[in-house]
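Given next are the chains, with one letter for each unit.
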Amino acid sequence: MARVFSGIQPSGGMHLGNLLGALRNWVAYQHEHDAVYCVVDLHALTTAPDPAELRDNTVAAATMLMSVGIDPDRSTLFLQSSVSEHAELAWMMECTVGFGELRRMTQFKDKSDRSEFVSAGLFTYPALQASDILLYDTDLVPVGDDQRQHIELCRDIAERFNRRYGDTFVVPAHVIPETGARVMDLQNPDDKMSKSLESAGTVGVLEDPDSVTRKFKRAVTDSDNEVRYDPAAKPGVSNLIGILAAATGQNPVSVADEYSQYGPLKSDTADAVNELLNPIRDRFAELSSDPAEIARVLAAGADKAHTVAATTLERARTNAGLIPRQPT
């Protein structure tokens, strides 16, 4: 059985793009693969978040993963910072990746241009991400298209380490889902839906159903009132079609053929999204009422993850020439 790994940052309430672009696929993968999922709270430190807010967001992210259907009995679910091997292997990855390679990362350029303070951690983010993935002998990494460059760099790092020190890491492949992989902002359909943009076009997974409906009815389309799936020429309309297709498990082109006006398309998309979100909202409320159980699940997941990660890290240490640790 192939192993799949992915992580998500605890940077606030999750939105529809997270759900349709990633999380629903995570749920499916756990039934087909050996699935390892984590909340990457160490990555969140690159933006110097408020400590109390980070703790709350971390628990909320883990709760959301379980709410959308991640089953701790079928997958390994844990917090990145609970498994110390992530940080230690990250240093070895930093010593393997080149400065020029990190400097070419598009996400670093975009984020650093928007920030007054740019941490070294933001620059070396891909090295820690490679550590996250390689620690678990990962075969497949489900990601959005915006992460393709990072996964390609992770492959390069693994191959370089293997050439230097012998066969150490599994070289992973990325998996980009065809449907719902890139959910765009309802008000700015040239931009991906994002929490950080604080746009009225971002739909939260836990958002009130009436608010969700209003956002879809106000979604930007265009002036010709032709329903056609053409993301380049008609980004707003195509975004609605893609969301409706992803929410209902259909093909976007087939969905477009069912409509001749924008109004019904917007209304049906809002209804389909709320139908998708309602059980998740209910499950989130139920799980949140028992924080001790969430803590227990995450601790058990960290123990499972540590068993695999420790073996991989020791192999990397030995191959790189570090003296083995003495038992305590």
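An account of the accompanying structure is given in this report.

About the criteria used
- Residues numbered from 1 in each chain as written.
- Predicted model: local features only at pLDDT ≥ 70, side-chain atom pairs only at ≥ 80, totals over all residues.
- Heavy atoms only, no water.
- Helix = DSSP H or I, 4+ residues; strand = E, 2+ residues; numbered from the N terminus.
- Buried < 20%, exposed > 50% of the residue type's maximum accessible area, 1.4 Å probe, protein only.
- Contact = heavy atoms within 4.5 Å.
- Phe/Tyr/Trp six-rings, centres within 6.5 Å; stacked < 30°, edge-to-face > 60°.
- Axes fitted to C-alpha atoms, helices over the stretch in contact; angles between N-to-C directions.
- Parallel < 35°, antiparallel > 145°, perpendicular 65-115°, else oblique.
- Left-handed = near helix turned anticlockwise from the far one by under 90°.
- Nonpolar A, V, L, I, M, F, W, Y, C, P; charged D, E, K, R; others polar.
- Salt bridge = Lys/Arg side-chain N within 4 Å of Asp/Glu carboxyl O.
- Polar contact = N/O pair within 3.5 Å; in protein donor to acceptor, adjacent residues only side chain to side chain.
- Patch = residues over 30% accessible without salt bridge, like charges linked within 9 Å, V, L, I, M, F, W, Y side chains within 5 Å.
- Areas by Shrake-Rupley, 256 points an atom, 1.4 Å probe, with all protein chains shown as cover.
- Lys, Arg positive; Asp, Glu negative; His and termini not counted.
- Charge placed at Lys NZ, Arg CZ, Asp CG, Glu CD.

If you trace the backbone, leucine 135 turns up in the loop between α8 (125-134) and β4 (140-142). Residue leucine 135 is classed as buried on the basis of its relative accessible area of 0%. A sequence separation of 45 residues divides leucine 135 from alanine 90, and the C-alpha atoms of the two residues are 9.8 Å apart. The residues contacting leucine 135, other than those within four sequence positions of it, are Glu85, His86, Leu89, Val308, Ala309, Thr312 and Leu313.

In this section: the packing of aromatic side chains. A ring pair, where both rings are aromatic, is described by two values, the distance of the centres and the angle of the planes. Evaluated as defined, the whole model comprises seven aromatic pairs. Considering the side-chain rings of phenylalanine 78 and tyrosine 136, the 5.8 Å spacing of their centres and the 55 degrees angle between planes classify their relative orientation as tilted. With a gap of 58 residues between them, phenylalanine 78 in strand β3 (residues 75-79) and tyrosine 136 in the loop between α8 and β4 connect regions that are remote in the sequence. Residue phenylalanine 78 is classed as buried on the basis of its relative accessible area, which comes to 0%. With a centroid separation of 5.2 Å and an interplanar angle of 50 degrees, the aromatic rings of phenylalanine 99 and phenylalanine 123 are classed as tilted. You can see phenylalanine 99 sitting in helix α5 (residues 99-103) and its partner phenylalanine 123 sitting in helix α7 (residues 120-123), a full 24 residues away along the chain. Classification of phenylalanine 99 as exposed rests on a relative accessible area of 53%.

All right, on to α8 then. Of all 10 residues that make up α8, 10 are buried, and the element is covered over most of its length. What α8 keeps buried is the set Tyr125, Pro126, Ala127, Leu128, Gln129, Ala130, Ser131, Asp132, Ile133 and Leu134.

Relative to each other, helix α4 (residues 85-94) and α8 sit at 120 degrees, their axes nearing to 8 Å. Relative to α8, α4 is oriented oblique. For the element pair α4 and α8, the recorded crossing hand is right-handed. Across from Glu85, His86, Leu89, Ala90, Met93 and Glu94 in α4, the residues of α8 making contact are Ala127, Leu128, Ala130, Ser131, Asp132 and Leu134. For the contact of α4 with α8, the per-class residue count stands at seven nonpolar, two polar and three charged.

Next up on the list: the pattern of salt bridges. Throughout the structure, instances matching the rule amount to 14 salt bridges. The shortest N-O distance in the salt bridge between glutamate 207 and lysine 215 comes to 3.0 Å. The residue arginine 228 makes a salt bridge to aspartate 230 at a minimum N-O spacing of 3.4 Å. Of the residues examined, aspartate 230 reaches a relative accessible area of 24% and is grouped as partly exposed. The structure contains a network of salt bridges with shared partners spanning Glu88, Glu314, Arg317 and Arg325.

Contact geometry of helix α11 (residues 235-248) with helix α13 (residues 262-288) gives a least axis separation of 9 Å together with a crossing angle of 35 degrees. Like other packed secondary-structure pairs, α11 and α13 cross with a definite hand, here left-handed. Contacts from Val237, Leu240, Ile241, Ile243, Leu244, Ala247 and Thr248 of α11 reach α13 at Tyr262, Leu265, Lys266, Asp268, Thr269, Ala272, Val273 and Leu276. In terms of residue class, the contact of α11 with α13 is built from 11 nonpolar, two polar and two charged.

With that settled, the discussion passes to the environment of lysine 266. If you trace the backbone, lysine 266 turns up in helix α13. Between the C-alpha atoms of lysine 266 and lysine 215, which are 51 residues apart in sequence, the distance is 9.3 Å. Setting aside residues no more than four positions away along its own chain, lysine 266 makes contact with Phe216, Lys217, Arg218, Ala219, Thr221 and Leu240. Among the polar contacts made by the side chain of lysine 266, one reaches the main-chain carbonyl oxygen of alanine 219 at a distance of 2.9 Å.

A cluster of like negative charges, contributed by Asp257, Glu258, Asp268, Asp271 and Glu275, occupies part of the molecular surface. Along the chain, aspartate 257 turns up in the loop between α12 (252-256) and α13. Residue aspartate 257 is classed as exposed on the basis of its relative accessible area, which comes to 63%.

What follows covers the side chain of threonine 124. Mapping threonine 124 onto the fold places it in the loop between α7 and α8. Assessed through its relative accessible area of 18%, threonine 124 is described here as buried. Beyond its immediate sequence surroundings of up to four residues, threonine 124 is in contact with Glu94 and Leu102.

Here we take up unusual backbone geometry. Backbone geometry places alanine 48, a non-glycine residue, at a positive phi of 50 degrees. Relative to the helices and strands, alanine 48 is located in the loop between α2 (41-44) and α3 (51-68). Exposure remark for alanine 48: the relative accessible area of 60% places this residue in the exposed category. Even without being a glycine, asparagine 225 presents a positive backbone phi close to 55 degrees. Residue classification places asparagine 225 among the partly exposed residues on the basis of a relative accessible area of 35%.

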